[in-house]
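A closer look at the structure
For reference, the chains in residue letters:
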Amino acid sequence: LATFSPRGDAGAPEDGARDEDTTRIALDPYGRRIAVTLADADGAVTRIGLFDARTGAAISDWAGHTADVLSLAFDPSGTRLASGAEDGAVRLWDPA
């Protein structure tokens, strides 16, 4: 799991930084796909986008969380993506 700031700062948000200023990303174990948190029109980070790591082409766009997504992780086989949200909800996605 890695995070980056849209401002280009690597790592965790600094003190005082808003959590929604940080995008969560996860690379699948084979380096083929990248999952990224996405903001809704109202600014809530409740969506997840899946992209081809080589071309950058969009593969999927998932919605389902009702609170900001704080973590993303692929399972070791790359067949499931887990997302965790601020409200404690965990969702499993099929990135195939």
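All of the points below concern the structure found in this document. (Residues numbered from 1 in each chain as written. Predicted model: local features only at pLDDT ≥ 70, side-chain atom pairs only at ≥ 80, totals over all residues. Heavy atoms only, no water.)

1. Quick word on the environment of G31
Tracing the chain through its elements places G31 in the loop between β2 (23-27) and β3 (33-38). Given the relative accessible area of 37%, G31 is considered partly exposed. (Helix = DSSP H or I, 4+ residues; strand = E, 2+ residues; numbered from the N terminus. Buried < 20%, exposed > 50% of the residue type's maximum accessible area, 1.4 Å probe, protein only.)

2. Let's talk about the nonpolar core
In this structure, A26, A35, I48, L50, W62, V69, L72, F74, L81 and W93 together form the largest nonpolar core, which totals 10 residues. Those elements that place two or more of their residues in this core are β4 (47-52) and β6 (69-74). With 3 residues, the top contributor of residues to this core is β6. In contact with W93, not counting residues within four places along its chain, are I48, W62, A63, G64, H65, T79, R80, L81 and S83. (Core = buried A, V, L, I, M, F, W, Y, C linked by side-chain atoms within 4.5 Å. Contact = heavy atoms within 4.5 Å.)

3. Quick look at the sheet that holds β6
One open sheet accounts for 3 strands, arranged β6-β7-β8; its pairing is antiparallel. The open sheet terminates on both sides in strands that have one partner only, identified here as β6 and β8 (90-93). Along the sheet, successive strands turn relative to each other by an average axial angle of 20 degrees, direction set aside. With 4 bridges connecting them, strand β7 (residues 81-85) and β8 associate as antiparallel partners. Directly across from L81, in β8, lies its bridge partner W93. (Pairing = 2+ DSSP bridges. Axes fitted to C-alpha atoms, helices over the stretch in contact; angles between N-to-C directions.)

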